[in-house]
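Structural overview for review
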Amino acid sequence: MKFIVGIGIRIYYKEIRMIGRENLPEKGPLLIIANHPNTLMDAWVVGFVCRQPIYFMAKSAFFSSGFRLKILRKLNMIPINRAGEGKAKGVSNDQSFEECYQLLEAGKTIVIFPEGTSYQERILRKLKTGAARIALEAEKRNGGKLGVKIVPLGLNYSRPERFRSSVLVAADKPIVAAEYLEDYTSDFIATSRSLTALFRERMERVLVTTEDKLHDYLLEEVRNILTSKYLKSEKDEFELLKKIRDGLYGVSIYNPERMLEIRQLVEEIKWQTDHLALKADFLDRRFRSVMFLRQLLFSFFGLVIMAPVFAYGVIHNGIQFKLTDKVIPLITKEVEYYAPLAVLIGFIMYPLFYLGYIAIWDHFFLFPWWAKLIYFVSLPVSGILAYSIHKYYRHVTLKLRFTILMRDRKDMVQDLREQKKRLRYLIGM
């Protein structure tokens with residue numbers, strides 16, 4: 001399952017990058033705590049970056065039937081009844097905690113999302129104390145000799161629900177549970193809370209978090225405007241997000257009257273770039289008409305050459321791609337479930353369509369087994385290539401649009417450049 005899910009998330013996300021891998025031990029006893037913005041996808045991504053087998057704590061609502069309970073338990077998931085959600089049949093928190101203690105004593109790795117719930121936002125919500133209590137209680141049972149380590153993990157999605165977006169996973173240095181055992185023995189409630197506060201502090205080191213929904217909105221919009229592959233300093237999206245976050249926070253504290261100007265400037269740039277069909281990062285390009293025309297000529301020539309590959313990919317993948325987009329909104333309105341549902345639906349829909357295509361062609365031409373295998377492998381590859389070609393085509397058309405704007409409405413483009421420069425100044429970049 002780990003191998004299969006790994007294929008699914010590597011197809012869905014263009015890049016899954018990890019920093020701080022040296023802080024993530026491959027042997028336990030280990031407790032991983034992570035933020036939770038993307039429901040099931042969060043667990044899959046953690047499982048993907050961890051080389052060792054891992055166990056997950058999950059809300060008991062997932063185990064609502066005997067069949068689900070049996071299947072999910074086989075997948076190393078440990079049910080937990082959460083406060084305010086009632087108790088699931090056959091699920092006991094005491095038994096679940098006992099299982100966690102035994103897993104840690106056996107040197108295993110457990111993953112807990114201490115926020116408890118999943119929302120697609122950059123706000124780190126209140127952390128539950130359960131993770132701290134499990135680590136400390138396991139150490140207490142073993143006289144402080146067990147060696148439980150807690151690793152804060154930050155899951156930073158560029159755009160969690162978007163196909164071919166990217167993920168940065170950052171691991172902070174491990175926290176040694178035994179160092180807090182003496183305090184836990186004398187006051188387990190206060191120590192659990194103080195350790196949970198430390199968890200929050202350490203998780204915020206490896207996350208780009210915001211203060212509230214307004215800052216969350218501004219961070220996303222400013223990121224969309226300032227992200228540029230034409231400026232070396234703004235190519236690393238994670239570093240750019242941290243700079244923007246820190247800049248907005250500094251303005252809100254030391255110069256709050258500027259926040260209104262920043263918001264108005266963001267809305268103005270966003271409206272104008274949408275109205276002109278202009279990519280914001282093109283504003284950072286140096287424009288040379290001859291060079292642009294030469295690039296456009298070669299680009300269109302390349303698109304003509306790649307047209308057969310694009311057609312092959314669309315014919316064999318277009319229906320599934322569109323159906324997935326239609327089906328997901330019928331299943332859920334919560335954007336946090338889009339990515340995992342797309343992967344799950346894809347696991348079923350794409351292979352069925354591929355087998356159907358093979359059956360149709362085999363009916364007419366009787367392919368040998370090796371030809372069927374090559375054909376089958378070519379289908380998902382052609383789908384990804386077709387998507388990439390489509391994105392490149394959009395880039396070329398936007399470049400053509402920019403060329404026309406620089407010829408006919410250069411003054412408006414220059415005004416936008418000045419507004420973008422002003423936005424950088426206001427944020428302190």
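Residues numbered from 1 in each chain as written. Predicted model: local features only at pLDDT ≥ 70, side-chain atom pairs only at ≥ 80, totals over all residues. Heavy atoms only, no water.

1. Quick look at a positive patch on the surface
Among the surface-exposed residues, Lys 14, Arg 162, Lys 391 and Arg 394 lie close enough to one another that they form a single positively charged patch. Tracing the sequence through the fold places Lys 391 in helix α13 (residues 369-408). (Patch = residues over 30% accessible without salt bridge, like charges linked within 9 Å, V, L, I, M, F, W, Y side chains within 5 Å. Areas by Shrake-Rupley, 256 points an atom, 1.4 Å probe, with all protein chains shown as cover. Salt bridge = Lys/Arg side-chain N within 4 Å of Asp/Glu carboxyl O. Lys, Arg positive; Asp, Glu negative; His and termini not counted. Charge placed at Lys NZ, Arg CZ, Asp CG, Glu CD. Helix = DSSP H or I, 4+ residues; strand = E, 2+ residues; numbered from the N terminus.)

2. Things to note about the packing of helix α5 (residues 130-141) against helix α7 (residues 188-205)
The geometry of a pair of packed helices is captured by two quantities: the angle between their axes and the separation between those axes. Viewed as axis vectors pointing N to C, α5 and α7 meet at an angle of 115°, and their least axial separation amounts to 8 Å. As α5 runs across α7, the sense of the crossing is right-handed. Between α5 and α7, the residues in contact are Ala 131, Ala 132, Arg 133 and Leu 136 and Thr 191, Ser 192, Leu 195, Thr 196 and Phe 199, respectively. (Axes fitted to C-alpha atoms, helices over the stretch in contact; angles between N-to-C directions. Left-handed = near helix turned anticlockwise from the far one by under 90°. Contact = heavy atoms within 4.5 Å.)

3. Considering the environment of Pro 114
Mapped onto the secondary structure, Pro 114 falls in the loop between β5 (109-112) and α5. Pro 114 sits 91 residues away from Asn 23 along the chain, and the two C-alpha atoms are 19 Å apart. What Pro 114 contacts, discounting residues up to four positions off in sequence, is Ile 33, Ala 34, Lys 126, Leu 127, Lys 128 and Met 203.

4. Structural notes on helix α2 (residues 40-49)
Count 3.6 residues to each turn of an α-helix, and residues three or four apart come out pointing the same way. For α2, the tally of buried residues reaches eight of 10 residues, placing the bulk of the element in the interior. Among the residues making up α2, those that are buried are Met 41, Asp 42, Ala 43, Trp 44, Val 45, Val 46, Gly 47 and Val 49. (Buried < 20%, exposed > 50% of the residue type's maximum accessible area, 1.4 Å probe, protein only.)

5. A few points about the pattern of salt bridges
In this structure the tally under the stated criterion is 21 salt bridges. Measuring nitrogen to oxygen at the nearest pair gives 2.4 Å for the salt bridge that ties Asp 172 to Arg 202. Of this pair, Asp 172 sits in the loop between β7 (166-171) and β8 (175-176) while Arg 202 sits in helix α7, placing them 30 residues apart in sequence. With relative accessibility at 9%, the residue Asp 172 sits in the buried group. The shortest N-O distance in the salt bridge between Arg 205 and Asp 172 comes to 3.7 Å. With Arg 205 in helix α7 and Asp 172 in the loop between β7 and β8, the pair connects residues that are 33 residues apart, well separated along the chain. Classification of Arg 205 as exposed rests on a relative accessible area of 51%. Linked by salt bridges that have partners in common, Glu 115, Glu 121, Arg 125 and Lys 213 make up one network.

6. Section: helix α9 (residues 237-254)
The terminal C-alpha atoms of α9, which comprises 18 residues, lie 25 Å apart, in line with the 26 Å expected from a rise of 1.5 Å per residue. Among all positions in α9, only Phe 238, Leu 240, Leu 241, Ile 244, Arg 245, Gly 247, Leu 248 and Val 251 are buried. On the buried face of α9, the contacting elements are β1 (15-19), β6 (149-157), β7, α8 (213-226), α10 (258-276) and α14 (410-427). (Expected span 1.5 Å × (residues − 1).)

7. Considerations on the packing of α8 against α10
Close contact between α8 and α10 brings their axes to 10 Å; oriented N to C, the two are set at 45°. When the axes of α8 and α10 are compared, the pair comes out oblique. In the crossing of α8 with α10, the sense of the turn from one axis to the other is left-handed. Residue-level inspection shows Leu 214, His 215, Tyr 217, Leu 218, Glu 221, Val 222 and Ile 225 of α8 in contact with α10, the latter providing Met 259, Arg 263, Val 266, Glu 267, Ile 269 and Lys 270. Residue composition of the contact of α8 with α10, grouped by class: eight nonpolar, one polar and four charged. (Parallel < 35°, antiparallel > 145°, perpendicular 65-115°, else oblique. Nonpolar A, V, L, I, M, F, W, Y, C, P; charged D, E, K, R; others polar.)

8. Considering the environment of Pro 152
Relative to the elements of secondary structure, Pro 152 occurs in strand β6. Note: C-alpha distance between Pro 152 and Arg 205 (53 residues apart in sequence) is 9.0 Å. For Pro 152, the contacting residues outside a window of four places in its chain are Ile 33, Ala 170, Ala 171, Asp 172, Lys 173, Ile 175, Arg 202, Met 203 and Val 206.

9. Points about the side chain of Asn 23
Relative to the helices and strands, Asn 23 resides in the loop between β1 and β2 (30-34). We classify Asn 23 as buried; its relative accessible area is 14%. Looking at Asn 23, its side chain comes within polar contact range of the main-chain oxygen of Ala 171, at 3.0 Å. Once residues lying within four places of it in the same chain are set aside, the contact partners of Asn 23 are Val 151, Ala 171, Asp 172, Lys 173 and Pro 174. (Polar contact = N/O pair within 3.5 Å; in protein donor to acceptor, adjacent residues only side chain to side chain.)

10. Some points on the confidence of the model for the protein
With 99% of its residues at a pLDDT of 70 or more, the protein shows a mean pLDDT of 92. Per-element mean pLDDT across the protein ranges from 82 in helix α3 (residues 66-74) up to 98 in β8. (pLDDT = per-residue confidence, 0-100.)

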